[in-house]
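# Residue-level structure breakdown
These are the residues of each chain, in order.
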Amino acid sequence: MMVKLSLLHGLMLIFLVGCGSPTPPSPAPRIVQVMKVGSSTVKHTQSFPGRLRAVDRAELSFEVSGVVQKVAVDLGDSFQAGQTLAELDDAQARARVTAAAAALEEARAELVNAKADAKRFLELKDSGAVSTSSVETAVTRQDQAEQSVRRLAAELIREEETLRDHALIAPYAGTVSNRSVEPASVVTAGELVMEISGEGAGVEALVNISEVARRTAEVGQAAVVHLPATGESYPGTISEVAGAAGNAGLVPAVVFVQDGSDLTPGTPVEVELIDPEVPKGYLLPLGSYAAGPDNSVTVFQVQADNSLQAKSVPVIKFTDAGVVITSGLSPADEIVAKGASRLRDAEKVQPVRQELKRYDE
C-alpha cells in the first residue's frame, strides 16, 4: 500500500512540473553593422567650403563729403591704375584754390617790396639818414611778409589736396566688384562708394576651418582648391591663419590659389587641406569606438561565433572624422562600425555587412 502511495505522489509531482509556466525565449541578438579595419585607411586631407576673392581688393571712399557729380565705371568694368573712377562736385573747392592762389601771389608781391625796403633802410642805417626805429620797422615788415607767404603757401597746398580728394582715383588696375552710389547722390567722408578687385595679383580662397584642422595648419602648407561648378582643381598654399575662432567656432584661413589669375572672385570652392602630420595607419570612424583611458579607445571585435570581444586600442591621432590607429588590430579584423558605446563585452550579435539606415533599433 505504501508503494502505491509513493508512486502516486511522484506522478503528481511530474504532472505539476509539466503544467508550469513555459520558459521565456531568449532575446534576439542585436543587429550590428561591421567593418574591416583595413577598409578605412587614413585620409590625409580635410575639405572645407570657401569662396574666392582677389588678392588685391579695396573698399574706396571719398576723403571729403559732397554731391556725386560723375561715376565713370559700372559694375564689372575694368580700369587702369590712376584712372578717375568717380568725382564729386568740386566747384567750391576750385574757388577756394583760386582764392588761395591769389592771396599767395599778393603776399609774394608784398614780400618783394618788403625785402627791397628793408635792404634800402639797412644800407642807409650807418649814414644816419634814417632812424633806428625806421630800420626796425622795415625789417619787421619783411619778417611778417615771409611768414605770410609760408602760411598762404601751406593753405594753398591744403586746398589743392582737398580739390584732389573730390576725385576717386584707382590705386591699381582692376575691375569694379561693387558700386554703391549714383550721380547726384550725397556722400559723407569715408562712406563706401565702390569695391574693386585688382588684376594680376591673383585670387585666394577664404575658408573657415575646424579647430582640429587649425592645430596643424601653417603658413606655406599645401592645399588643393576645387571648383565644384567646373570640376577643375588648382594647387594652393595657406597664406594666413587666424589666431582665434569666429562666432561659429570656426577659424578663418586664407589659401592662395596658384595659376588662378583667370578665376573669378566670388566663386564658391572646396578647399582641401593636406595634413602633413597624419601618420600612415587606419581610420576608425566616429561611432566605431567608445572612450578609453589615456590615449586609447575601446572597440568591439566580432568573433567567429558572432560574439563581441572588447579591445583597448592605442590612438595615434584624433581627427574630426575619427581616430587614427597603427597597432592593436590587423587589417582583416572585423569590428562594429556604429553604436559601439551601447555594446558590452561577450555580447552575441547579428553582424550585417552592408549599409543599414536603422541597423541598431
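Given the structure is predicted, the values throughout are model-derived calculations rather than measurements. (Residues numbered from 1 in each chain as written. Predicted model: local features only at pLDDT ≥ 70, side-chain atom pairs only at ≥ 80, totals over all residues. Heavy atoms only, no water.)

When you go through the protein chain residue by residue, the secondary structure sums to 4 helices and 23 strands. The buried share among the 361 residues of the protein chain stands at 34%. (Helix = DSSP H or I, 4+ residues; strand = E, 2+ residues; numbered from the N terminus. Buried < 20%, exposed > 50% of the residue type's maximum accessible area, 1.4 Å probe, protein only.)

In total, this model carries 13 salt bridges according to the counting rule given. A salt bridge links Arg179 to Asp74; its shortest N-O distance comes to 2.5 Å. Within this pair, whereas Arg179 is found in strand 8 (residues 174-179), its partner Asp74 is found in the loop between strand 4 (66-71) and strand 5 (78-79), the two being separated by 105 residues in sequence. Classification of Asp74 by relative accessible area gives partly exposed; the value is 44%. Here the salt bridges do not stand alone but share partners, grouping Glu110, Asp117, Arg120 and Arg141 into one network. (Salt bridge = Lys/Arg side-chain N within 4 Å of Asp/Glu carboxyl O.)

The subject of this paragraph is the confidence of the model for the protein chain. For the protein chain, the average pLDDT comes to 86, and 89% of its residues sit at 70 or higher. Below pLDDT 50 for its whole length, residues 13-18 participates in 0 contacts with residues either more than four positions away or in separate chains. (pLDDT = per-residue confidence, 0-100. Contact = heavy atoms within 4.5 Å.)

To continue, consider the sheet that holds strand 7 (residues 167-169). Read from one edge to the other, the open sheet built from 4 strands follows the order 7-6-4-9, with strand pairing classed as antiparallel. Both edges of this open sheet fall to strand 7 and strand 9 (186-187), since each of them pairs with a single strand only. Bridge count for strand 6 (residues 84-88) against strand 7 is 3 bridges, and the pairing is antiparallel. Note on strand 7: the bridge partner recorded for Ala86 is Leu168. (Pairing = 2+ DSSP bridges.)

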